[in-house]
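Residue-level listing of the chains:
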Amino acid sequence: MYKISSGDGIPCLCVTNRKLCQGDFYERIWQIVQNREANAILLREKDLSRSEYENMAEKVLRICQEADMMCILHTFWESALKLHCHNIHLPLGVLETLPDGKRNYFQWIGSSVHSLEQAKRAEESGADYVIAGHVFETDCKKGLPGRGLEFIQKVSGCIHIPVYGIGGICQENAEAVVQAGAAGVCVMSGFMTIRQ
């Protein structure tokens, strides 16, 4: 079992990537949710069309709702409205163009940022939290050095909303990310590559 959030109290979001999943994707989501391996699921399947994503989101939302775990949908805010999901994570460009009338529907709106300027823009555009990265070197961003703990420190110091670190985060370094100012961490590979 992969768990950051239980014993040490570090809030942890599971960021999905079905292509890394060894075994059935929905079964893995069910395990994460049932075992409380994370505090929330961020369904981030970026290569899917809106209709494909919507079909997947419907199933994942059902799994999360049965276990009373937060599920955050990604990019497709229209699908979130349709599926009655009040949590959305948006690319910064989408967040900045989200119609004001739709903003009020969501309880939680997040955005991913890679610079101090983007973090400020996200906060000004109404984000409730940001995911900042990548912190450490990671296979997902092969060849690109991590921005380091100093990046988390700077982002956390320049905005007033929670910052979650992402990129190369594991049980050994999660505490350091929080000590640098993050409200919590995001983990993809650590959750998705577990053998079932």
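See the structure shown above.
The text that follows walks through the structure, step by step, so that each part is easy to find. (Residues numbered from 1 in each chain as written. Predicted model: local features only at pLDDT ≥ 70, side-chain atom pairs only at ≥ 80, totals over all residues. Heavy atoms only, no water.)

## Comments concerning helix α1 (residues 25-34)
What counts, and what does not: Any residue under 20% of the maximum accessible area for its type is buried, any over 50% is exposed, and the rest in between are partly exposed; the area is computed with a 1.4 Å probe on protein chains only. Numbering of helices and strands runs from the N terminus, with a helix taken as a DSSP run of H or I at least four residues long and a strand as a DSSP run of E at least two residues long. Any two residues whose heavy atoms approach within 4.5 Å at even a single point are treated as in contact. Any pair of N or O atoms that falls within 3.5 Å is considered a polar contact. Within protein, one atom must be able to donate a hydrogen and the other to accept it, and sequence-neighbouring residues count only if both atoms are side-chain atoms.
All buried positions along α1 are accounted for by Phe25, Arg28, Ile29, Gln31, Ile32 and Val33. Packing partners of the buried residues in α1 comprise β1 (12-15), β2 (40-43), α2 (50-66) and α9 (189-192). Its side-chain oxygen 3.2 Å from the backbone nitrogen of Tyr26, Asp24 forms the N-cap of α1. One or two residues past the end of α1 sits Arg36, with phi positive at roughly 55°.

## Focus on the nonpolar core
Basically, it comes down to this: The criterion is simple. A nonpolar core is a set of buried Ala, Val, Leu, Ile, Met, Phe, Trp, Tyr and Cys residues joined through side-chain atoms within 4.5 Å.
With 67 residues, the main nonpolar core has Ile41, Val60 and Leu73 as its most contacted residues. Here the element with the most residues in this core is α2; it accounts for seven residues. When neighbours within four sequence positions are excluded, Val60 is seen to be in contact with Phe25, Tyr26, Ile29, Ile41, Leu43 and Cys71.

## Let's talk about the pairing of strand β3 (residues 70-74)
Cut-off, in case you're wondering: Pairing between strands is defined by DSSP: at least two bridges between the two strands are required. Crossover handedness is defined here as right-handed if the route from the first strand over the helix to the second strand goes clockwise, with the strands pointing away from the viewer.
Across the five residues of β3, four count as buried, placing the element largely inside the fold. Taken together, the four bridges between β2 and β3 define a ladder with parallel strand orientation. Bridge pairing in β3 places Ala40 opposite Met70. In this view, the connection linking β2 to its parallel neighbour β3 by way of α2 has right-handed handedness. Relative to strand β4 (residues 87-90), β3 runs parallel, the two being bridged by two bridges. Bridged to Leu73 within β4 is Ile88.

## A look at the pairing of strand β7 (residues 163-166)
Consecutive side chains along a regular strand alternate between the two faces of the sheet. Two elements, strand β6 (residues 129-133) and β7, share four bridges in a ladder whose sense is parallel. Paired with Val130 across the two strands is Val163, which belongs to β7. Relative to strand β8 (residues 184-187), β7 is paired through three bridges, and the arrangement is parallel. Bridge pairing in β8 places Gly165 opposite Val185. As for the winding sense of the linkage, the β-α-β connection from β7 through helix α8 (residues 174-179) to β8 is right-handed.

## Considering the side chain of Glu37
The residue Glu37 is located in the loop between α1 and β2 in this model. Overall, Glu37 belongs to the buried group, its relative accessible area being 1%. A distance of 2.8 Å separates the side chain of Glu37 from the side chain of Arg28, its partner in a polar contact.

## Some words on the sheet that holds strand β5 (residues 108-113)
For clarity, the threshold we go by: Between the N-to-C directions of two axes lies an angle of 0 to 180 degrees, each axis being a line fitted to C-alpha atoms and, for a helix, fitted only over the stretch in contact.
The strand order β1-β2-β3-β4-β5-β6-β7-β8 describes a closed barrel built from eight strands, whose pairing is parallel. Neighbour-to-neighbour, the strand axes of this sheet turn through a mean angle of 25°, independent of strand direction. This element, α2, spans β2 and β3 of the sheet and lies at about 170° to β3.

No statement about biological role is implied by the geometric values presented.
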